[in-house]
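Fold and contact review
These are the residues of each chain, in order.
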Amino acid sequence: MMSVIPIPAFSDNYIWLLQQDNSAEVAVVDPGDARPVIDYLEREELHLTTVLVTHHHHDHTGGLAELAQRYSPRIIGPENPQIKDIVERVGEGDACRVLGRRFEVIAVPGHTLDHIAFFAAGTPSLLFCGDTLFCGGCGRLFEGTPEQMYQSLTRLATLPEDTMVFAAHEYTLANLRFAQAADPDNPARDRHFQECQRARELNRATLPSTIGRERQINPFLRVTDKRVQETASAQGQSDTPLATFTTLRAWKDNF
């Protein structure tokens with residue numbers, strides 16, 4: 001059984017730590033800062049064998065050099081030479097084994113052009129999607145186009161409903177406040193917002209989410225819904241799902 005543990009970093013990042021059963025060998029995803037990872041490993045007497053990287057932004061890669069020097073892990077990430085410490089470069093259609101479990105690599109450009117996600121089928125399935133899909137939201141478009149991000153999210157939305165979604169930031173409450181404006185009549189979203197508020201009051205992570213939940217509450221995955229399209233029409237074009245997505249993303253940027 002693979003467990004996934006959040007290691008908080010910076011103001012709102014999560015570095016996800018993967019552990020198979022009670023093995024001392026572990027993996028981490030997107031270590032933007034080495035120190036919280038090292039502290040956790042030393043406290044729990046664990047050994048880092050693998051690092052997964054979703055994209056090149058510094059808050060996802062800033063700890064790679066120190067972790068590489070200290071533990072010599074296998075570092076797997078996108079085919080972007082800008083990320084210096086990657087040992088194994090992967091892209092769309094590739095697969096890798098991490099702690100004995102097979103992860104498929106899915107290209108998800110939009111937030112950045114090099115962005116990839118790691119998906120492990122199973123019960124439950126696991127998705128490490130960096131800054132592409134958040135609980136209740138999606139990443140900003142720093143390099144990609146609205147069409148690229150829309151296609152990436154559409155693809156992730158086809159994954160099994162019970163897939164656990166491990167996003168890289170604690171953005172949930174802010175995203176769901178926007179979702180209240182973009183998709184105002186959504187009882188499932190309102191219930192989840194209340195649950196997440198209670199979690200944050202207790203300093204607990206609101207993640208992971210699931211693909212099934214995101215289909216219900218995330219306006220960026222609901223751009224074919226007539227209510228979402230009607231709300232978006234007051235902000236811009238919404239005559240197609242892509243136009244609705246583009247309008248929502250621009251609205252969220254200034255919300």
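Residues numbered from 1 in each chain as written. Predicted model: local features only at pLDDT ≥ 70, side-chain atom pairs only at ≥ 80, totals over all residues. Heavy atoms only, no water.

Some words on the UniProt feature "domain: Metallo-beta-lactamase" (unreviewed entry) in the chain
- UniProt marks residues 12-169 with the feature "domain: Metallo-beta-lactamase" (unreviewed entry), using the numbering shown here.
- Here residues 12-169 is 22% helix and 35% strand, with 5 Å between the C-alpha atoms at its ends. (UniProt positions renumbered as here; feature names shortened; annotations may be inferred. Helix = DSSP H or I, 4+ residues; strand = E, 2+ residues; numbered from the N terminus.)

Details of the UniProt feature "binding site: Zn(2+) 2" (unreviewed entry) in the chain
- The UniProt record marks D59, H60, D131 and H169 with the feature "binding site: Zn(2+) 2" (unreviewed entry), using the residue numbering of this structure. A maximum C-alpha distance of 10.7 Å is found for the annotated residues, which run over 111 residues; spatially they form one tight group.
- Along the chain, D59 turns up in helix α2 (residues 58-61).
- In this structure D59 comes out as partly exposed when scored by relative accessible area, which is 22%.
- In this view, D59 contacts F10, N13, D30, G32 and H169; residues no more than four positions away in its chain are not counted.
- Among the polar contacts listed, one links the side chain of D59 to the side chain of N13, at a separation of 3.1 Å.
- When you line up the elements, H169 lands in the loop between β13 (164-167) and α5 (172-182).
- If sequence neighbours within four positions are ignored, H169 has contacts with D12, N13, Y14, D59, H60, D131, F134 and L207. (Buried < 20%, exposed > 50% of the residue type's maximum accessible area, 1.4 Å probe, protein only. Contact = heavy atoms within 4.5 Å. Polar contact = N/O pair within 3.5 Å; in protein donor to acceptor, adjacent residues only side chain to side chain.)

Re the environment of I86
- Within the secondary structure, I86 is located in the loop between β5 (74-78) and β6 (88-90).
- With 66 residues separating them in the primary sequence, I86 and S152 have C-alpha atoms 23 Å apart.
- Residues contacting I86, with those up to four places away along its chain left out, are I75, I76, G77 and P78.

Looking at the packing of aromatic side chains
- What the rule picks out here adds up to 11 aromatic pairs.
- Plain terms: the ring middles of F128 and F166 are 4.9 Å apart, the flat faces sit at 15 degrees to each other, and that makes the pair stacked. Of this pair, F128 sits in strand β10 (residues 126-130) while F166 is found in strand β13, placing the two residues 38 residues apart along the sequence.
- A relative accessible area of 3% places F166 in the buried class. (Phe/Tyr/Trp six-rings, centres within 6.5 Å; stacked < 30°, edge-to-face > 60°.)

Overview of the side chain of Q19
- Tracing the backbone through its elements, the reader meets Q19 in strand β2 (residues 13-20).
- Judged by its relative accessible area of 13%, Q19 is buried.
- Apart from the residues within four sequence positions on either side, Q19 is in contact with M1, M2, S3, E25, V26, L46 and L99.

A short note on the sheet that holds strand β14 (residues 209-210)
- Spatial ordering of the open sheet is given by β7-β8-β9-β10-β13-β14, a layout of six strands whose pairing is mixed. At either end of the open sheet lies a strand with only one pairing partner, and these are β7 (95-98) and β14.
- Bridge count between β7 and strand β8 (residues 101-107): four bridges; the pairing is antiparallel. Within the sheet, the bridge partner assigned to R97 lies in β8 and is R102.
- Of the strands in this sheet, β8 and β10 are in contact with helix α4 (residues 146-156), which crosses β8 at around 150 degrees. (Pairing = 2+ DSSP bridges. Axes fitted to C-alpha atoms, helices over the stretch in contact; angles between N-to-C directions.)

A short note on the sheet that holds β5
- Strand order in the open sheet made by the six strands is β1-β2-β3-β4-β5-β6, with mixed pairing throughout. Two strands in the sheet have a free side with no partner beyond their single neighbour: β1 (2-9) and β6. Averaged over all neighbouring strand pairs, the angle between strand axes comes to 25 degrees, with direction disregarded.
- Where strand β4 (residues 47-52) lies against β5, three bridges are found, and the strand directions are parallel.

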